[in-house]
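The primary structure of each chain is shown beneath.
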Amino acid sequence: MLSLVMSWLAWLGLAVIITAVAAITGIKPKGTRHVAHTRLMGMARLALLVVVIIFAYLAFRARSGG
């Protein structure tokens, strides 16, 4: 029987996806400072890209059995 309850890993994955979308698009709550086009945000996006590339490589290696 399939469980309809999401595991903690699925919730973590969902939180990571939402955070990544927020970081890439630069959305922010009202009344906060605008940081979307600063150097710090650019470096954060670069770090996020590096992490995504590393995980994609690890997933590829795990799938190919290497």
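Nothing here was measured: the structure is a model prediction, and the numbers come from that model.

Trainee: Sorry, what's going on with the overall build of the protein chain here?
Mentor: Looking only at helices and strands, the protein chain has two helices and zero strands in total. Per-residue burial over the protein chain gives 6% buried out of 66 residues. Carbon and sulfur atoms make up 76% of the accessible area of the protein chain, which totals about 6,200 Å².

Trainee: Got a minute to help me understand helix H1 (residues 8-25) in this structure?
Mentor: Helical geometry: 3.6 residues make up each α-helical turn, so side chains three or four residues apart lie on a common side. The end-to-end C-alpha separation of H1 is 26 Å, in line with the 26 Å expected for 18 residues at 1.5 Å each. Once H1 finishes, glycine 26 follows within two positions and takes phi at roughly 80 degrees, a positive value.

Trainee: I keep staring at the environment of leucine 48 and nothing clicks. Help me out?
Mentor: With respect to the element layout, leucine 48 can be found in helix H2 (residues 39-64). Judged by relative accessible area, which is 27%, leucine 48 ranks as partly exposed. Distance in space between the C-alpha atoms of leucine 48 and alanine 20 is 7.7 Å, their sequence separation being 28 residues. Beyond its immediate stretch of four places on either side in the chain, leucine 48 contacts Ala20 and Ile24.

Trainee: I keep staring at H2 and nothing clicks. Help me out?
Mentor: Between its terminal C-alpha atoms H2 stretches 37 Å, which fits the 38 Å expected from 26 residues at 1.5 Å a residue. A positive backbone phi angle near 80 degrees is found at glycine 65, which sits one or two residues after H2.

What counts as what
- Residues numbered from 1 in each chain as written.
- Predicted model: local features only at pLDDT ≥ 70, side-chain atom pairs only at ≥ 80, totals over all residues.
- Heavy atoms only, no water.
- Helix = DSSP H or I, 4+ residues; strand = E, 2+ residues; numbered from the N terminus.
- Buried < 20%, exposed > 50% of the residue type's maximum accessible area, 1.4 Å probe, protein only.
- Areas by Shrake-Rupley, 256 points an atom, 1.4 Å probe, with all protein chains shown as cover.
- Expected span 1.5 Å × (residues − 1).
- Contact = heavy atoms within 4.5 Å.

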